[in-house]
Amino acid sequence: MAIIENVTMCKLGGYEGSNPEIWGSFPPLEPTITVEDQQEFLDKSLPTGAEPGLFTSNRIRNIFIVAYTFSRKSAEQGVRDDLASISVIISDKKVNIEQFEILFKEIIAAIGSEIANIPEQVLLQMMERIYNGVNSKGKIKIDKVTADLSSIISKKKIHLEPKDPAEFKGGF
Amino acid sequence: MSFFNVFKRKTSAKAVFLGLDGSGKSTFLSFLQEGKFVQHTPTMGKRKVEMDVNGTRISLFDMGGQADFRKLWFDELKTAKCVVFVIDESASYRFQEAREELDKILPMLRDNNINLLVVANKHDDPNAVDLSKIIENFNLFSLENVEILETSAKTGYGMANAFGKFYSLLTGEEIKKMTFARAISLFSPAGEPITTKIDETRFEQIALEGGFLAAITQFSQSKLEACAPGEIQFITFESEENGTFLVARTKNYIGSLLWQEDMGVTLDKSKEALKDLMFHVENACDPADTATVAFNVEQYITNLM
């Protein structure tokens, strides 16, 4: 059973005339996020006031969006850096959200500050590698960095199993 | 920041910063807060910063300038006392677009008695147009209750003056621009002069340049050791005739400042001002490019003298 449904990157370009946009997604956002919901999804992946280094967790109906905002060096001289985010869609029926947030932070930490300099093509490949890596609890290799998820999960004692419904007060 | 004093808070006021994307709103705000140039990523919708000035808590709303965010401007205007509309003086090809956005908010400013400060930013850019072109293109002659200024949030040009105007529009109170120096000079660590600015109402340039400043700098070179990045060292010289000379060394520069008691600021404040100037130049310039260093210093000094 897949832990994560989707990995998406969003961007607000540093160049003139830019606007927030969904930059890429793996696998395609639909049907997980319908066309009608994509603006809300964008707003929650790259929220108002977001600045580099920010982790956020938001919800659309029954799915969670865990995101990290970062800056990305502009390829053009004299153009300011882009603001970008990488977000993951997960369901609380499949994953313990709080534990996943810890894992997500570890993945971002493993990639490190190099995320600002990774070439665009590699950055877009990153989504597929994160998707496959997390869902197999295997390794994620991005540019010169490798994140070994099984090792991270073991060291940090992360438990991704969804919460037992009986734990909720009033459960029956 | 050494330009402004901070006292116990008594009142509050709100200002909103508007303008096209890339006009320099966030950089302008950072300079007011930190006294130095900070490069920003685009503002995602809006961000809020707060400053305490002379007992007033000022809430500053930095609004994203991209087309998708401009609809957010009106909500924040409802409770604003002052609007700062920032224009990129070097992007004349966008003046029409900027003017259209300004025109959209003017009725609300009029109806709600919101003061307007128009800031023509990026004055340091070689493509920056004359202020008269801004006034003409934006039809600012026809507006009442508007102030217009030129600034560079990169070099610091006009920033102290801009803040004084902004504070006055926001609170109705005047904030007096302080004089921190009668003369300022910058040299390379080898003692080569880069630039000197003197209060010409008081001194003859030749007397200072050819004499005292050069002698002090030569002496200081031997006394002040090389500094690591982020470090600064000071030496003070008292002159009965001229006042107190502060000489400072950072990694790439030696700076000197002449303080006199009748300026109305303490020696410590002037020392802080010299430190801010030198760290600004260390941060903003390539020391090998002395022409750019000199330009940056001359722009920044407008805040100190």
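Here the structure is shown first, and the text comes after it.
Summary of the structure given here.

1. Observations concerning the overall build of chain A
Right, so step 1: What chain A contains, in helices and strands, is 4 helices and 7 strands.
Right, so step 2: Overall, chain A shows an N-to-C arrangement of helices and strands of β-β-α-β-β-β-α-α-β-β-α.
Right, so step 3: Relative to the compact-globule value of 16 Å for 172 residues, chain A shows a C-alpha radius of gyration of 16 Å, a close match.
Right, so step 4: Each principal axis of the C-alpha atoms in chain A carries an extent, and together these give about 60 × 35 × 25 Å.
Right, so step 5: Looking at the 172 residues of chain A, the share that counts as buried comes to 46%.
Right, so step 6: Sequence separation of at least 24 residues holds for 54% of the intrachain contacts in chain A that already meet a minimum separation of 6.
Right, so step 7: When the accessible surface of chain A is split by element, carbon and sulfur atoms take 50% of a total near 8,900 Å².

2. What about the pattern of salt bridges?
Residues and elements named next belong to chain B.
Right, so step 1: For the structure on display, the rule yields 25 salt bridges over all chains.
Right, so step 2: Ionic pairing is found between K14 and E76, a salt bridge with its closest N-O pair at 2.7 Å. You can see K14 sitting in strand 1 (residues 11-18) and its partner E76 sitting in helix 2 (residues 73-77), a full 62 residues away along the chain.
Right, so step 3: Through salt bridges that share partners, D21, R70, R94, E97, E101 and K104 make up one connected network.

3. A look at the packing of aromatic side chains
Right, so step 1: Inspection of every chain in the model, using the stated rule, returns 11 aromatic pairs over all chains.
Right, so step 2: Ring centres 6.0 Å apart and planes at 85° place the aromatic pair F55 of chain A and F104 of chain A in the edge-to-face group. Here F104 of chain A lies in helix 2 (residues 97-111) and F55 of chain A lies in strand 3 (residues 55-60), a separation of 49 residues in the sequence.
Right, so step 3: A relative accessible area of 30% places F55 of chain A in the partly exposed class.
Right, so step 4: Judged by relative accessible area, F104 of chain A falls into the buried class, the value being 2%.
Right, so step 5: Between Y68 of chain A and F70 of chain A, the aromatic rings sit 6.2 Å apart at their centres with planes inclined by 10°, giving stacked as the arrangement. Grouping residues by exposure puts Y68 of chain A and F70 of chain A together as buried.
Right, so step 6: One aromatic cluster is present, built from ring pairs that chain together F55, Y68, F70, F100 and F104 of chain A.
Right, so step 7: Over the ring of F55 of chain A we find K105 of chain A; its NZ or CZ atom is 5.2 Å from the centre of that ring.
Right, so step 8: Directly above the ring of F234 of chain B sits K271 of chain B, whose terminal nitrogen or CZ lies 4.8 Å from the centroid.

4. Digging into the packing of helix 1 (residues 25-34) of chain B against helix 5 (residues 159-171) of chain B
How two helices pack is summed up by the angle between their axes together with the distance between the axes.
Residue and element names in this part refer to chain B.
Right, so step 1: For the pair helix 1 and helix 5, the least separation of the axes is 11 Å and the interaxial angle reads 90°. Our classification of the angle between helix 1 and helix 5 gives roughly perpendicular. Across the interface between the two elements, F28, F31 and L32 from helix 1 touch M159, A162 and F163 from helix 5.
Right, so step 2: Here the residues of the contact of helix 1 with helix 5 sort into 6 nonpolar, no polar and no charged.

5. Details of the pairing of strand 8 (residues 193-198) of chain B
Residues and elements named next belong to chain B.
Right, so step 1: Summarising the sheet, strand 7 (residues 183-187) and strand 8 pair through 5 bridges and their orientation is antiparallel. By the bridge assignment, S185 is partnered in strand 8 with T196.
Right, so step 2: Taking the residues between adjacent antiparallel strands as the criterion, strand 7 and strand 8 are bridged by 5 residues, where G191 takes a positive phi near 90°.

6. Regarding the packing of helix 7 (residues 267-284) of chain B against helix 8 (residues 290-300) of chain B
All names here are of chain B.
Right, so step 1: Running from amino to carboxyl end, helix 7 crosses helix 8 at an angle of 140°, the nearest separation of the two axes being 10 Å. One way to sum up the angle between helix 7 and helix 8 is to call them oblique. For the pair helix 7 and helix 8, the sense of crossing is right-handed. Seen from helix 7, the contacting residues are D276, L277, H280, V281 and A284; seen from helix 8, they are V293, N296, V297 and Y300.
Right, so step 2: Its residues assigned to classes, the contact of helix 7 with helix 8 comprises 6 nonpolar, 2 polar and 1 charged.

7. A closer look at the interface of chain A and chain B
Right, so step 1: Every contact between the two is made by 21 residues of chain A and, on the other side, 17 residues of chain B.
Right, so step 2: Here chain A meets chain B over a buried area of about 1,400 Å², counting both sides, of which 57% is carbon and sulfur.
Right, so step 3: Of all residues in chain A, E16, N19 and R80 of chain A give up the largest surface area on contact with chain B, accounting jointly for 39% of the area buried on that side.
Right, so step 4: Between chain A and chain B we count 0 salt bridges in total.
Right, so step 5: At the junction of chain A with chain B, the criterion picks out 6 residue pairs in polar contact (both at pLDDT 80 or more).
Right, so step 6: Looking at the side of chain A that touches chain B, its residues break down into 8 nonpolar, 8 polar and 5 charged.

8. Here's the deal with empty space enclosed by the protein
Right, so step 1: All told, the structure shown has 1 cavity of 30 Å³ or more when counted by the stated rule.
Right, so step 2: One number sums up the size of the largest cavity: a volume of about 90 Å³.
Right, so step 3: Every residue along the wall of the largest cavity is listed here: E16 of chain A together with L20, D21, G22, S23, V86, I87, D88, A91, R94, F95 and A98 of chain B.
Right, so step 4: Elements that contribute at least two residues to the lining of the largest cavity include exactly strand 4 (82-88) and helix 3 (95-111) of chain B.
Right, so step 5: Broken down by element, the lining of the largest cavity gets its largest block of residues, 3 residues, from strand 4 of chain B.
Right, so step 6: When its residues are assigned to classes, the lining of the largest cavity shows 6 nonpolar, 2 polar and 4 charged.

Scoring rules and cut-offs
Residues numbered from 1 in each chain as written. Chains lettered and ligands numbered in written order. Predicted model: local features only at pLDDT ≥ 70, side-chain atom pairs only at ≥ 80, totals over all residues. Heavy atoms only, no water. Helix = DSSP H or I, 4+ residues; strand = E, 2+ residues; numbered from the N terminus. Rg over C-alpha atoms; globule rule 2.2 N^0.38 Å. Buried < 20%, exposed > 50% of the residue type's maximum accessible area, 1.4 Å probe, protein only. Contact = heavy atoms within 4.5 Å. Areas by Shrake-Rupley, 256 points an atom, 1.4 Å probe, with all protein chains shown as cover. Salt bridge = Lys/Arg side-chain N within 4 Å of Asp/Glu carboxyl O. Phe/Tyr/Trp six-rings, centres within 6.5 Å; stacked < 30°, edge-to-face > 60°. Lys NZ or Arg CZ within 6 Å of the ring centre and 35° of its normal. Axes fitted to C-alpha atoms, helices over the stretch in contact; angles between N-to-C directions. Parallel < 35°, antiparallel > 145°, perpendicular 65-115°, else oblique. Nonpolar A, V, L, I, M, F, W, Y, C, P; charged D, E, K, R; others polar. Pairing = 2+ DSSP bridges. Left-handed = near helix turned anticlockwise from the far one by under 90°. Buried area = accessible area lost by both parts, 1.4 Å probe. Polar contact = N/O pair within 3.5 Å; in protein donor to acceptor, adjacent residues only side chain to side chain. 1 Å grid on protein atoms, 1.4 Å probe; cavity = no way out; pocket = protein on both sides within 12 Å on 5 of 7 lines; lining within 4 Å. Points joined across faces, edges and corners; volume = space filled by probe spheres on them.

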